[in-house]
Every structure is written in structure tokens, then in C-alpha cells.
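# Coordinates in review
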Amino acid sequence: MAKEKLHNVDTAEQLEPLNLETGSKKPVKKRQGWDSKWQYIFMVISYAVGLGNVWRFPYLVQQHGGGAFLIPYLIMLFAEGMPILYLEFAIGQKMQKGTVIVWNEINPLLGGIGLASAVTSFNVAIYYNAIIMWCFFYLFHSFQSPLPWATCPTEFNEAENKTVEIEECVKGGSTSYFWYRNALDVSPDLSSPDGIKWKMLLCLIFAWCIVYACIWKGIKSSGKVVYFTATFPYIVLLIFFVRGITLKGAVDGLLHMYTPKLDRLGDPQVWLDAATQIFYSFGLGFGGLIAFSSYNNIHNNCQRDAIMISMCNWFTALFASTVIFAVLGFKATLMYENCLKHNFEMFGLANPELAINLTEEMWQTTYMVTGNDTASVAANAVAYVTPNNTWTCSLEDDLNNAASGTGLAFIIFTQAIVEFGPSAPFWSIIFFMMLLSLGMGSEFGTIEGFTASIYDLEPFPAITRKKWLVSALICGFSCLVGLLFVLGSGSYWVALFDSFAGSFPLITVAMSECFTIGYVYGVNKFSDDIEFMIGSRPNIYWKIVWKFIAPFLVLGLLLATIVKYFLKEITYSAYDAETASMVQKGYPWFGALLAAILVFSAIGCIPVIALLRKFRILNWSYSKQIQAEMHGHTQSTAKFIRSVSSMDETDSGLELPNGNPPFRDIEEEGTRASIDDGAVKFTVLQ
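From a predicted model like this one, the values you see are computed outputs, not experimental measurements.

## Observations regarding the environment of Met200
The residue Met200 is located in helix α9 (residues 198-215) in this model. In this structure Met200 comes out as buried when scored by relative accessible area, which is 3%. As for Met200 and Phe485, which are separated by 285 residues in sequence, their C-alpha atoms are 8.6 Å apart. Setting aside chain neighbours within four positions, we find Met200 in contact with Met133, Trp134, Phe137, Ala183 and Val486.

## Digging into the packing of aromatic side chains
Using the criterion set out here, one finds 58 aromatic pairs in the structure. Ring plane angle 70° and centroid distance 6.4 Å describe the contact between Phe500 and Tyr587, whose orientation is recorded as edge-to-face. Of this pair, Phe500 sits in helix α21 (residues 490-500) while Tyr587 sits in the loop between β5 (581-586) and α24 (589-603); the two residues are 87 residues apart in sequence, bridging distant segments of the chain. We classify Phe500 as buried; its relative accessible area is 2%. Given the relative accessible area of 14%, Tyr587 is considered buried. Its end group placed over the ring of Phe420, Arg243 keeps NZ or CZ at 5.0 Å from the ring centre. If you follow Lys467 out to its NZ or CZ, it ends over the ring of Tyr455, 4.5 Å from the centre.

## Comments concerning the pattern of salt bridges
With the rule as written, the count across this model stands at 10 salt bridges. Asp305 is the salt-bridge partner of Lys37, the closest N and O atoms lying 3.2 Å from each other. Taken together, the residues span a long stretch of sequence, with Lys37 in helix α1 (residues 37-48) and Asp305 in helix α14 (residues 302-350) at a distance of 268 residues. Here Lys37 falls in the partly exposed class, since its relative accessible area comes to 33%. Take Asp305: its relative accessible area is 2%, and that puts it in the buried class.

How each quantity is defined
- Position labels on residues start from 1 in each chain and follow its written sequence.
- Reporting of local features is limited, given that this is a predicted model, to residues whose pLDDT is at least 70; pairs of side-chain atoms are given and counted only at 80 or more, and all residues count toward the totals for whole chains, interfaces and linings.
- Hydrogens and water molecules were not included; the side-chain quantities draw on all heavy atoms of the structure.
- Helix and strand assignments come from DSSP, with helices taken as H or I runs of at least 4 residues and strands as E runs of at least 2, each series counted from the N terminus.
- Relative accessibility decides the category of a residue: with a 1.4 Å probe and only protein chains considered, values under 20% of the type maximum give buried, values over 50% give exposed, and everything between is partly exposed.
- Residue contacts follow a heavy-atom distance rule, with two residues in contact if any of their heavy atoms lie within 4.5 Å.
- The criterion for an aromatic pair is that two Phe, Tyr or Trp rings (for Trp, the six-membered ring) have centres within 6.5 Å, with stacked assigned to planes under 30 degrees apart, edge-to-face to planes over 60 apart and tilted to the rest.
- Both a distance and an angle decide whether a charge sits over a ring: NZ of Lys or CZ of Arg must be within 6 Å of the ring centre and within 35 degrees of the ring normal.
- One speaks of a salt bridge when a side-chain nitrogen belonging to Lys or Arg is within 4 Å of a carboxyl oxygen belonging to Asp or Glu.

In C-alpha cells, the structure reads:
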């Protein structure tokens, strides 16, 4: 006797529905698919391996005990990152739909999860392109020698009757001055917009034009670009690695990175940052991963993909950190040597008699004072006058001079590139091309998380069925909103979007996904689906993590985020021209209002949709939409209807509307279809 196994049958890509009124067949629109498995892998790598691997992870390693941070990071990889990545791959591949449809089909009350994910993706995509805009600005300025941020600009000082370097630049450094004054032309605070900066506006328009050119046909166009965006960053990192390890001081930088400070493991913040970094580096909760996997063959091995992508992401973060620390070690060594040189010159000015035949090497072994520490002076040194304006020189402090995000990319690393000498423009060009590749790959995935939902929902079929038009409308509207980011206060708006558009909503979405699979849909049922797709059930490790570890781990991360952002005054870093440094300021009322809108426009979808469904105010479902398009029948019944439509009408006294013949149980191609209380039931015969 045949073994029966009940499962959902999605034949949208194979069946042609029958028009029950005319008898004609109308082709069903097939869902896009990948040209090859490698295209899919490259797309996911390009999306998951982003800017955070280059400018966020090295900062966390630097701040949290060097090699010791790798321990909680690896634990969180297996407890949080990889399991949720596998979950999103599997659910998208099983449903063959975008994030909005997926969670609605699991439970109509949870349809808001997918909508929250789509809204979050859209909000993040708007500001993420501002970072790409900055990278284009620096790339265009890299085609000159010397680099424009290599030296401080000068001005005529009437009091001294000579040309001197601008004081603000001397205080902050040439790369910092170029970033805040030439690139951003930054205003004092969020309340001072200071007009649109036309150079940045041109870069913003150019960035959105590039994005549109890559996504206007959906994955058919963006899927071609990712072959470059996924591989080029690794080529650049390899080139920088070869160059970096040959630099003076590179070994000091690598030792600083890999030497573990195990006492830091007792700090809860270290574990929280490890969990947060894993979460964002994988791009979880955006819906992009669900959308990408939905274009796969239903029997693709998504478990193997999840493990491979996770290991690739972890390796990339480690490799990028090695490159960054090698270069930063070189920069710290130069700063330390310049500090010693300054103190030696000050010593000579204060002690001209001793400095006649004194070399810097002799001074270091006999008289060197690295700040206020006179213990470093040799016991046999003759009497001397201590200079008043010596600097504190410490290689360890220079290595600990941490920076992340834009500070690392546009200030610290550009300063290190300047020290490469005549070849600095070449290194600057490939560095910012690498950042562009990483940023573009993540941008494609973020936008896909939003557009896939639009294509699935088809709210306006005449428009949404034209991918080029949908892409144009999204990019055009996003560019208009992006005018905020080309104001003098633009960088503050980017920071606001970065803090509130993604963090809290994404963690809420991921937590909802974990609890839905663990306690609503059910881990056992989810395992049945995976067994149908890949031929084997997930082992006990996956089941335990999905049901007990990942949901509560993400819940803890959510609570920590609430404490961090909402239980104290919300502030941002503003540039102070007087001190050439950053100061903390409170958000004005309109800044706080926008922050609230970004958060609640996303997470508010979850309870709102649930309430609308609960009280039957909103009864839409994807199956009902398809049913309406097919004159009352879903796509999964199309084959059954065609099979019975040719039966003898005398087989039963029952007739369908419009004179169609009756239904009866049929078996075809290993599938039995039957009517049970008005519902169509499909059973696979094995």
C-alpha cells in the first residue's frame, strides 16, 4: 500500500489555469529563478559580507580584548547567526515567496512580520546609499596626486604676516579636516541644515542611478553584477594583505589583534556586541535572504548553503581584521616614531650644549622621556633641562586609538594610505572600490527584501508587473528622501537612520521569526518541510537552537537594545570646529520624532496586522488573491480542475457552476487529489 505524505503543493511555475467561462488556458506568470547555483551563492555572499566586516568587526576586536573577542563571536555564530540564517533560507525556499507572503501563509495573524521586514528594508536602503555616495566622492578624489587629504590647507595670517596651516586642520589632522570640511561641509548640529551640498548631491544621484541600472530587471540584472561585487573585495583584501604584512610595524598590529585579553570575557558588553555583530553581519531580518532563497529550486540543499555562507562570513571578518590591523600597526608605528622625533627636537632646544653631538638613538637610551615618566631616563645621564612641551609617546596607546564606521574608513585608514608614499592614489582607488563593492552588494539584497514583497503582493498589477517601473519609482523616491543626507547636517541624519531604522526593528523581526517557527509553526513541522526539500531531517542541534536558544537569545538582545536606546537621553555626535572633535548633543524634537517614526512604522505592522485580522477588518490572503484571479479557484487546484473537466457529466448528479462537470478523486503522476468538505486535498504517493 502506498505511503501517503501530506504537504502543500505549489505548482505556480508549472500549471496553466483553465478559464472556467471560456475554456481557454492562460499562462501563469513564472517566478524568476537563478541562472545557476553559483549566481545565488555569489548574491548571498555579496549581501551578507558587507561593510560591517571591514569597519565594524576590527573595531570590536580592538575594543574587546583582541583575540579574546573571537571566542564569544564564534559562540554566537553557532547559537544565533547560523541557525537563523538556515531558518530564513529554508522558509523562503519552502514557500517560494517573499517575506510578506511567507509569514502570512504560516499564520494570517503574523502577516505583519513580513510587512515589518519589508518596511525596515526600505528604510535602511534609503540611508545605506548615502554611505555609497560618500565612497563615490572619495573615489573620484583619489585620481590625483598627492591625495587632497594628504596635507592641511593654508591661509594667510595677517597678525604673523605669513601663510600658515588652518588651525582647525592642525588640531584634528588633515584627513579629519577633509572629511568634515571638504566632503561633508558639516554644520554644527542637526538644527542647522546649512543648505544642499551640490557635490554630494551629484554623488547621490549617481549612486542611485548605478543602483537602478543593476536592479531594474530584478535578479536577472542584479544577479549578473554580483559576480563582481562578491569577488572584487576579496581580491582587494588579498592585495592589501600582501602589502600590509611587508609594512613596518605590521607585526605589532597583528600581535595587538591576536593577543587575547581573557579578563574581558567577564564583561557582558563583550557578549552583547558579539551577538549584535553576528546579527547585522548576516543581514538577518531584512527579508533579503528569504527573497533570495525563494528563487531557488525547491530541493536545493539550503542547510549546506547556510553552513557555507556562515563560514565564509566568519572567515571574511577575520581576514579583513588581519588586513586592517596590519595597516593600523604601520600607522601607529609612524605616529610613535614622529612623537619620539618631536621630543628629541624639544630636548635639543632646551639643552643646546648636550645636543651638539647627541643622536636620536643616544637620546633614546640615555635621556628619553616619553611624557611625564622620568623613570625612563638612564641613571648615568648628566643634568639636563626637561622640556615643557614634550608629548606622551606610547605605541600601545596608538594601537588602542580605536575608530569604527566612517571614522575608520574616511579618517583613520585614509591617513594610513597617505603614508604609502607616491603609490597612495592607487591604494586609495582600490580601497574605495572595495567599499563600493561591499556596499552595493548589501544594497541589492536590502532592496530585494522590499521589492520581492511588492512583486508578490501586486497591489497595483498594471505597475508592479513592470519591474523597470517599480525599480524606477523606488530609486526615485529614495533619492528624494536622500536629500536629507546632502545637507550640512546630512551626516547626522545618516547616523539617526543608522541607529533607529535598522537596529530595533530588525531585532524585533528576527525574534518574531524565531518564536513563530519554534512555537507557532512548530519545529517538527518545519523539520518535515526541510526533509521534503533536502531529503534529510535537521539534527537535534538545529531543533534545540531553533526552539530554545535562538528565540530567547534574540529576546535578550532586544531587551538590551531597549535599555541602550530608550531608557536614557537619546544623543548624537556633532562636530565642534573649535576643538576639531566630536561632542554629544541631544536630538531636537523633530529628530526624536523621525526616530520614533522609523521604529514604529516597522514594528507597528506586527500588532496592527494581527488586530485587523483578529477582528476581521482585514481578510486578505495571498491564496484569496490568486483565487480571485482564477475565477474562484487557487493555482493548486488548476491541474485537478483540468483533469476532471473532461469527465462524463453523467458520473454524478452534481455539477459545477457554469455547467462544469463534477469533481471526483483522481490519481496522476504520483499525486492523488480529492475534495473533502469543499477543500482540495493533495496527497503525494510514495
